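A structural walkthrough
Spelled out from the first residue to the last, the chains are:
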Amino acid sequence: MLSYRHSYHAGNHADVIKHIGLSLLLQALKRKEKPLFYLDTHAGRGMYSLTGEEAQKIGEYKEGILPFWEHPELLPEVALPYLKLLRKLNRSGVLKRYPGSSAIAEHFLDMNDRMVLSELHPRDVTKLKEGFANNDSVTVEHKDGLKQISTHLPPIERRGLIFIDPSYEIKTDYENVARAVWQGYKRFATGVFCIWYPLLTSGLHQRLLDNLAQGPAHEHYKIEVKVKGERERGMYGSGLYIINPPWGVAEQLDAVKKALR
């Protein structure tokens, strides 16, 4: 159940689209000077080493973030704040560290905002707690993030982003994610929900999309990016399904998609 470790896949093509999307959502929501609530259901360890044994074993970042690190002009201007964060974390000019979703959220949020980070893997949650030990606005929970959606909604801030990024290593996740989203939506219909999902040759991801499409939300946006080259098996790309997308984000992501093709 807990065999998946994102440290092997950090900075891959899926991270690029999901984290640019996350940065755009956070920036859009921060246009209003009101406190914001951020819930990360699968927060991982927060920060990843791209020079360590795990990332080097598979080397997925070499076809993910590395080309854009070396050639930032390949991405549209809306992605510059995301790239600026990477530069800040790697001041030597060599790409060694890559931020997870929780670290990206911390960068774009401020002391008036509140973050709840859920993670089930015991080693990753330990790293997560260490990384946010000095941030009083962050709560780290060693719990099932999908079950925490209804627990924390509606937030006292009345504004929020729920970021859902499971590994989908369990087939029932495709039903469970949609169920958790709609339970949360019923409690917080004005919230922004962002769900990442893999594109699989098996077509399993269609279960999730079908279940999401049958929900009560009227405002939603979907973006899918395929990996270059044909894949006979496994994951051939990934997507974001956003409920209640803030104004302008859909157009920004459309521009990003063109760059990632």
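As a reminder, the structure under discussion sits directly above these lines.
Residues numbered from 1 in each chain as written. Predicted model: local features only at pLDDT ≥ 70, side-chain atom pairs only at ≥ 80, totals over all residues. Heavy atoms only, no water.

**Quick look at the pattern of salt bridges**
How we decide: Think of a salt bridge as a Lys or Arg side-chain nitrogen and an Asp or Glu carboxyl oxygen that are within 4 Å of each other. Only DSSP runs of H or I with at least four residues qualify as helices, and only runs of E with at least two residues qualify as strands; both kinds are numbered from the N terminus onward. Each residue is assigned to one of three classes by its accessible area relative to the maximum for its type, calculated with a 1.4 Å probe on protein chains only: buried under 20%, partly exposed between the two thresholds, exposed over 50%.
One pass over the structure, following the stated rule, counts seven salt bridges. Note that Lys30 is salt-bridged to Asp113, the shortest N-O span being 2.8 Å. Of this pair, Lys30 sits in the loop between helix H1 (13-29) and strand S1 (37-40) while Asp113 sits in the loop between helix H5 (101-108) and strand S4 (114-118), and the two are 83 residues apart along the sequence. Arg207 is the salt-bridge partner of Glu175, the closest N and O atoms lying 3.4 Å from each other. Residue Glu175 is located in helix H8 (residues 173-187), and its partner Arg207 is located in helix H9 (residues 205-213); the two are separated by 32 residues in the primary sequence. Residue Arg207 is classed as partly exposed on the basis of its relative accessible area, which comes to 37%.

**Observations concerning H9**
Condition: As used here, the arc is the angular range of directions from the helix axis to the C-beta atoms. Residues count as neighbours in contact if any of their non-hydrogen atoms are within 4.5 Å of one another.
Within H9, burial applies to His205, Leu208, Leu209 and Leu212. All buried residues of H9 lie within an arc of 95° about the axis, which places them on one face of the element. Along its buried surface, H9 packs onto H8, strand S7 (192-200), strand S8 (220-226) and strand S9 (235-243).

**Some details on the packing of H1 against helix H10 (residues 249-260)**
The condition that has to hold: Convention adopted: a line fitted to C-alpha atoms gives each axis, helices being fitted over their contacting stretch, and angles between N-to-C directions are expressed from 0 to 180 degrees. Orientation categories follow fixed angle ranges, with anything under 35 degrees roughly parallel, anything over 145 roughly antiparallel, 65 to 115 roughly perpendicular, and all other angles oblique. The hand of a helix crossing depends on one turn: near helix anticlockwise from the far one by less than a right angle means left-handed, and clockwise means right-handed. In this count, Pro and Cys sit with the nonpolar residues alongside Ala, Val, Leu, Ile, Met, Phe, Trp and Tyr, while Asp, Glu, Lys and Arg are called charged and the others, Gly among them, polar.
Taken N-terminus to C-terminus, the directions of H1 and H10 make an angle of 155°; their axes are 10 Å apart at the nearest point. Relative to H10, H1 is oriented roughly antiparallel. The two elements H1 and H10 meet at a crossing, and its hand is right-handed. The segment H1 lies against H10, with Val16, Ile17, Ile20, Gly21, Leu24, Leu25 and Ala28 engaging Val249, Gln252, Leu253, Val256 and Leu260. Here the contact of H1 with H10 is composed, by residue class, of 10 nonpolar, two polar and no charged.

**Describing unusual backbone geometry**
Backbone geometry follows two general trends: most residues other than glycine have a negative phi, and most peptide bonds adopt the trans configuration. In this chain, Leu153 is followed by Pro154 through a cis amide linkage whose omega measures -5°. Considering the arrangement of structural elements, one finds Pro154 in the loop between helix H7 (145-152) and strand S6 (160-164). Positioned with a positive phi, Arg158 is a non-glycine residue whose angle comes to about 65°. Its place among the elements puts Arg158 in the loop between H7 and S6. In the Ramachandran plot, Asn244 falls in the positive-phi region, its phi being about 60° despite a non-glycine side chain. Along the chain, Asn244 turns up in the loop between S9 and H10.

**Considering the pairing of S6**
Heads up, the rule is: In this analysis, strands are considered paired if DSSP registers two or more bridges between them.
Of all the five residues making up S6, five are buried; the element is thus mostly covered by neighbouring parts of the structure. Because side chains alternate across S6, one face comprises the buried residues Gly160, Ile162 and Ile164, and the other comprises Leu161 and Phe163, equally buried. Examined bridge by bridge, S1 and S6 share four bridges and lie parallel to one another. Looking at S6, one finds that Asp40 is bridged to Phe163.

**Remarks on the sheet that holds S7**
Reading across from one edge, S5-S4-S1-S6-S7-S9-S8 is the order of the seven strands in this open sheet, with mixed pairing throughout. Each having just a single partner strand, strand S5 (138-141) and S8 make up the two edges of the open sheet. On average, each strand axis in the sheet is inclined to that of its neighbour by 15°, with strand direction left out of account. Pairing between S1 and S4: four bridges, direction parallel. Within S4, the position partnered with Leu39 by the bridge is Val116. On top of the sheet, H10 reaches S8 and S9; it is set at about 10° to S8, its chief contact.

**Some remarks on the nonpolar core**
For soluble globular proteins, nonpolar side chains are generally found buried alongside one another. Put simply, the rule is: The set of buried Ala, Val, Leu, Ile, Met, Phe, Trp, Tyr and Cys residues whose side-chain atoms join them within 4.5 Å is what this entry labels a nonpolar core.
Counting 86 residues, the largest nonpolar core has Tyr38 and Ile195 as the members making the most contacts within it. Contact partners of Ile195, with chain neighbours within four places excluded, come to Ile164, Tyr168, Val177, Val181, Leu208, Gly239, Leu240, Tyr241 and Ile243.

**Let's talk about H7**
The condition is simple: In the analysis that follows, any N or O atom pair within 3.5 Å is treated as a polar contact, provided that within protein one partner can donate a hydrogen and the other can accept it, and provided that, for residues neighboring in sequence, both atoms belong to side chains.
Three or more residues of H7 are buried, namely Gly145, Leu146, Gln148, Ile149 and His152. All buried residues of H7 project into a common sector of 155° when viewed along the axis, lining one side. Exposed positions of H7 whose direction lies more than 90 degrees from the buried face are Lys147 and Thr151. Sitting at the amino-terminal end of H7 is Asp144, which places a side-chain oxygen 3.0 Å from the backbone nitrogen of Leu146.

The values are spatial; any link to function lies outside them.
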